[in-house]
Amino acid sequence: MNTHATSAPDSILVACPQCHSVVRTPSDRLGEHPKCPKCKSQLLEGRSITLDAPAFATHTGKGSLPVLVDFWAPWCGPAR
């Protein structure tokens, strides 16, 4: 029996804004500008991104972070 077992740090799942891969990121390292291991882009850029249906499903269904959604149409004047 191992009495020196260590627990893994709390982590969250972050969907990459570029390649939409889901990346497990330690929550205590979120302030260190984590990057996607697949495409090397920054995971938490703090800007809006445009998503197609499959990417939307990944970000809202597989990621741990809350997602703010803005639905709009280019033909709708008030929405622009």
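Up top is the structure.
Here, residues in each chain are numbered from 1, in the same order as that chain's written sequence. Owing to the predicted nature of the model, reporting of local features is limited to residues with pLDDT of at least 70; listing and counting of side-chain atom pairs is limited to 80 or more, with chain, interface and lining totals taken over all residues. Each side-chain value is derived from all of the structure's non-hydrogen atoms; neither hydrogens nor water enter the calculation.

Visitor: Before we go on, may I ask you to explain the environment of L51 in this structure?
Guide: Each helix corresponds to a stretch of at least 4 residues labelled H or I by DSSP, and each strand to a stretch of at least 2 residues labelled E; elements are numbered beginning at the N terminus. Of note, L51 is situated in the loop between strand 2 (22-26) and helix 1 (53-61). Considered as a pair, L51 and P17 are 34 residues apart in the sequence and their alpha carbons are 8.8 Å apart. Other than its neighbours up to four places away in sequence, L51 contacts H20, F56 and H59. Here, residues are in contact when the closest pair of their heavy atoms is within 4.5 Å.

Visitor: Is there a simple way to explain helix 1 in this structure?
Guide: One turn of an α-helix holds 3.6 residues; hence residues three or four places apart share an orientation. In this scheme, a residue with accessible area under 20% of its type's maximum is buried, one over 50% is exposed, and one in between is partly exposed, where area comes from a 1.4 Å probe on protein chains only. Regarding helix 1, the residues found buried are A55, T58 and H59. Along the axis of helix 1, the buried positions cluster into a sector of 90 degrees, meaning they face one direction only. Looking at helix 1, the residues exposed on the side facing more than 90 degrees away from the buried face are A53, P54 and G61. Taken together, the buried residues of helix 1 touch strand 1 (11-15) and strand 2. Put simply, D52 is the residue that caps the front of helix 1, since its side-chain oxygen is 3.0 Å from the backbone nitrogen of A55. What the arc covers is the set of directions going from the helix axis to the C-beta atoms. A 3.5 Å cut-off defines polar contacts: any pair of N or O atoms within that distance qualifies, except that in protein one atom must be a possible hydrogen donor and the other a possible acceptor, and neighbouring residues in sequence count only when both atoms are side-chain atoms.

Shape is all these values report; function is a separate question.
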